[in-house]
Amino acid sequence: MAWSVVQVVLLAASFQAVGPSEAALAAGGSVLSVSTPYDELGNLLLPLQVAAFVVACLGVQQCRQGAVVPSPAVRQVRGPVWVWLGWAVPVVSLWFPFQVVRDVRAAAVGGRTPSRLGWWWACWLVGLWASNQAAFSSLASPRATRRRSPCSRASPPWPWWRAPSSGSAWCARSQEGCGPGSPRSPERRTRHRTLPGMSPTPSTPASSHPLAATPQRPPRAELHLHLEGTLEPELAFALADRNGIALPFPDPAALRTAYAFTDLQSFLDLYHATSQVLRTADDFADLTVAYLRRAAAGGVRHAELMVDLQTHVARGVPLAEVVAGVTQGLADGEAELGVSGLLIAAFLRHRPGAEAEELLDDLLALDAPVAGVGLASTEVGFSAAPFAPAFAKAAAHGLRRTAHAAEEGPAWHVTEVLDLLGAERVDHGIRALEDPDVVARLVRDQVPLTVCPVSNVRLRAVPSLAQHPLPAMLEAGLNVSLNSDDPSYFGGYVDEVDDAVTAQFHLSRDQRADLAAASFRGSFLAPEAVARHVADVEEWRGGRAAPGLSSAS
């Protein structure tokens, strides 16, 4: 609201200047200084301008915050109405430059030096222009400002619901405003919201939920998943309505019909367009919980979620808001479903490497609970080399590393991310089979490959599922796990991917168990957690229902 303060101050100063100016003119005996209806109108417009600009700027502020409005029709009109109101009054007030000229001429007729009123009006016009420009630019691309904890003056720029670490300056939740009974406490938040497109909250624990992993499917981890790619059309429209955003589709069904991709770029175009509905920490928390509920229903015990932070920061969403929302969703999902989760910050290949390093610095400054970094987005035409400094810094701070390679790009991209980025895991890697030396290295080092067969088919990386190289990869001894990538857009969550490849390639129970065990071994979980999950997979391999598996078919 800085621009409204500037306007009010300048207008008040102008108003105060009117009296001395007219007094000076009256002392000169100028006939033109006599009050006329013309002058009365000018004086009347001053307080009206103050009120109108305050209201207009409040409206602009509401638009910037994405205030919820009653209906899409009102939503489409409200923003422009408020903004144009902010410009309508300045247009009307073009009267005042003429008033300045009139005063100057009157002073000249009286043989006196013009008063400073002209300077006041000039300052007012400059301030008026600058403040409204600020309103427009702020509305078009709001700055990514960091939220501060309301619990402590010395708190870092971090949302209030994150648990304080020992020795930090953050407030304890027992402090005033942060305790369990406080309106701002996590206990008072609506943790298990159910919006359209979200699975309803299970009435039973994950271990006995009827849709949990069955004896037909092993427990598994999902390692290659883009959180934004889990946004179902129904949830997208619910979030759009909540945030006052108009999607370029009439309804969820129309959006779903747009999921006919010809290549990776055609998918990314729609992917980024629908991501616009994600604005607040609650949006990201709801999206995370929605995915975890669906994943738990398919037997997922652990998920590592890649989030395209650069995409959201570039469109004005504060970094802390995104990270805090996903973190809250992971915590809620684990409490509700027993599914653990980690956050992976995905750098985008088509963006500058220096930008990735800046983002990493911001994450480190926030002390964000990020488990690792990844490299994603368009592979063809973009080298991984510019991201080497960011990955080196991530490794120095104990973060894990993964990178997309050899999905659409050549086999040597695998060597590039292993050597230049120090990647511990390769996402996709299906074209590694084109180079025997790359295959030999992957087999020797047992580098985890997170393969996404359904995604590869939908993005035309392979012509059909029958032609997917998965069987050849298994036969070569590669360390492969099954994943979904962007399940909402590609029509296959990881359990459906498992079903599809099992039916297509007639996978044996042992092969499916190997794929599931590889998902845990390739994860960034602690060794003891990996061993526990792998033991559950081995129970499933032996024909016994692993702990947490339902006997329902």
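Asker: Mind laying out the packing of helix 12 (residues 353–366) against helix 13 (residues 388–396), listing which residues take part and the relevant values?
Answerer: It is the contact of helix 12 with helix 13, at a shortest axis distance of 8 Å, that shows an interaxial angle of 20°. It follows that helix 12 is roughly parallel to helix 13 by the angle criterion. Here helix 12 runs over helix 13; the crossing is left-handed. Along its contact with helix 12, which presents Ala356, Glu357, Leu360, Asp361 and Leu364, the element helix 13 presents Pro389, Ala390, Lys393 and Ala394. Of the residues that constitute the contact of helix 12 with helix 13, the class distribution is six nonpolar, no polar and three charged.

Asker: If you had to explain the nonpolar core to someone new, which residues and values would you point to?
Answerer: Ranked by size, the top nonpolar core spans 95 residues in total, and within it Phe267, Leu309, Phe347, Leu363, Val414 and Leu442 carry the most contacts. Setting aside its immediate chain neighbours within four residues, Leu442 contacts Val414, Leu418, Ala432, Val447, Leu449 and Leu478.

Asker: A description of the sheet that holds strand 7 (residues 448–451) should follow, citing residues and the corresponding values.
Answerer: Spatial ordering of the open sheet is given by 1-2-3-4-5-6-7-8, a layout of eight strands whose pairing is parallel. Looking at the sheet topology across the chains shown, the edges are occupied by strand 1 (220–226) and strand 8 (479–482). Averaged over all pairs of adjacent strands, the angle between strand axes in this sheet comes to 25°, irrespective of strand direction. Packing against the sheet, helix 9 (residues 281–297) makes contact with strand 1 and strand 2 (300–307), and its axis sits at approximately 145° to strand 2.

Asker: Before we move on, can you summarise the packing of aromatic side chains with the specific residues and values?
Answerer: Summed over the entire model, instances satisfying the criterion amount to two aromatic pairs. Here Tyr259 and Tyr489 contribute two aromatic rings whose centre-to-centre distance is 4.8 Å and whose plane-to-plane angle is 40°, an arrangement assigned as tilted. Within this pair, whereas Tyr259 is found in the loop between helix 7 (252–257) and helix 8 (264–274), its partner Tyr489 is found in helix 18 (residues 487–490), the two being separated by 230 residues in sequence. On the numbers, 5.9 Å between centres and 75° between planes, the contact of Phe347 with Phe391 is edge-to-face. With Phe347 in strand 3 (residues 340–348) and Phe391 in helix 13, this residue pair connects regions lying 44 residues apart in the sequence. When its relative accessible area of 0% is taken as the criterion, Phe347 is described as buried. The exposure class assigned to Phe391 is buried, which follows from its relative accessible area of 1%. We note Arg425 situated over the ring of Phe524; from NZ or CZ to the ring centre the distance is 4.1 Å. The ring of Trp540 carries Arg509 above its face, with NZ or CZ at 3.9 Å from the centroid.

Definitions and cut-offs
Each residue is numbered by its place in its chain's sequence as written, counting from 1. Since the coordinates come from a predicted model, pLDDT governs what is reported: local features require at least 70, and pairs of side-chain atoms require 80 or more to be given and counted, while whole-chain, interface and lining totals use all residues. The side-chain values count all of the structure's non-hydrogen atoms but skip hydrogen atoms and water molecules. A fitted line through C-alpha atoms represents every axis, and for helices the fit uses only the stretch in contact; the resulting angles, taken between N-to-C directions, go from 0 to 180 degrees. Helix and strand assignments come from DSSP, with helices taken as H or I runs of at least 4 residues and strands as E runs of at least 2, each series counted from the N terminus. Reported orientations rely on four angle classes, namely roughly parallel under 35 degrees, roughly antiparallel over 145, roughly perpendicular from 65 to 115, and oblique for the rest. Two helices crossing with the near one rotated counterclockwise from the far one by less than a right angle form a left-handed crossing, whereas a clockwise rotation gives a right-handed crossing. Residue contacts are defined here by distance: any two heavy atoms, one from each residue, within 4.5 Å place the two residues in contact. Amino acids outside the nonpolar list (Ala, Val, Leu, Ile, Met, Phe, Trp, Tyr, Cys, Pro) and the charged list (Asp, Glu, Lys, Arg) are all regarded as polar, and Gly is one of them. Buried Ala, Val, Leu, Ile, Met, Phe, Trp, Tyr and Cys residues form a nonpolar core when they are joined through side-chain atoms within 4.5 Å. Partly exposed residues are those whose accessible area sits between 20% and 50% of the maximum for their type, while under 20% is buried and over 50% is exposed, using a 1.4 Å probe and protein chains only. Note on pairing: two strands pair once DSSP finds at least 2 bridges between them. Side-chain rings of Phe, Tyr and Trp (the six-membered ring for Trp) are treated as a pair once their centres are within 6.5 Å; stacked means planes under 30 degrees apart, edge-to-face means over 60, and tilted covers the remaining angles. Whether a charge sits over a ring depends on NZ of Lys or CZ of Arg being within 6 Å of the ring centre and within 35 degrees of the ring normal.

None of the figures reported here should be taken as evidence of function without further support.
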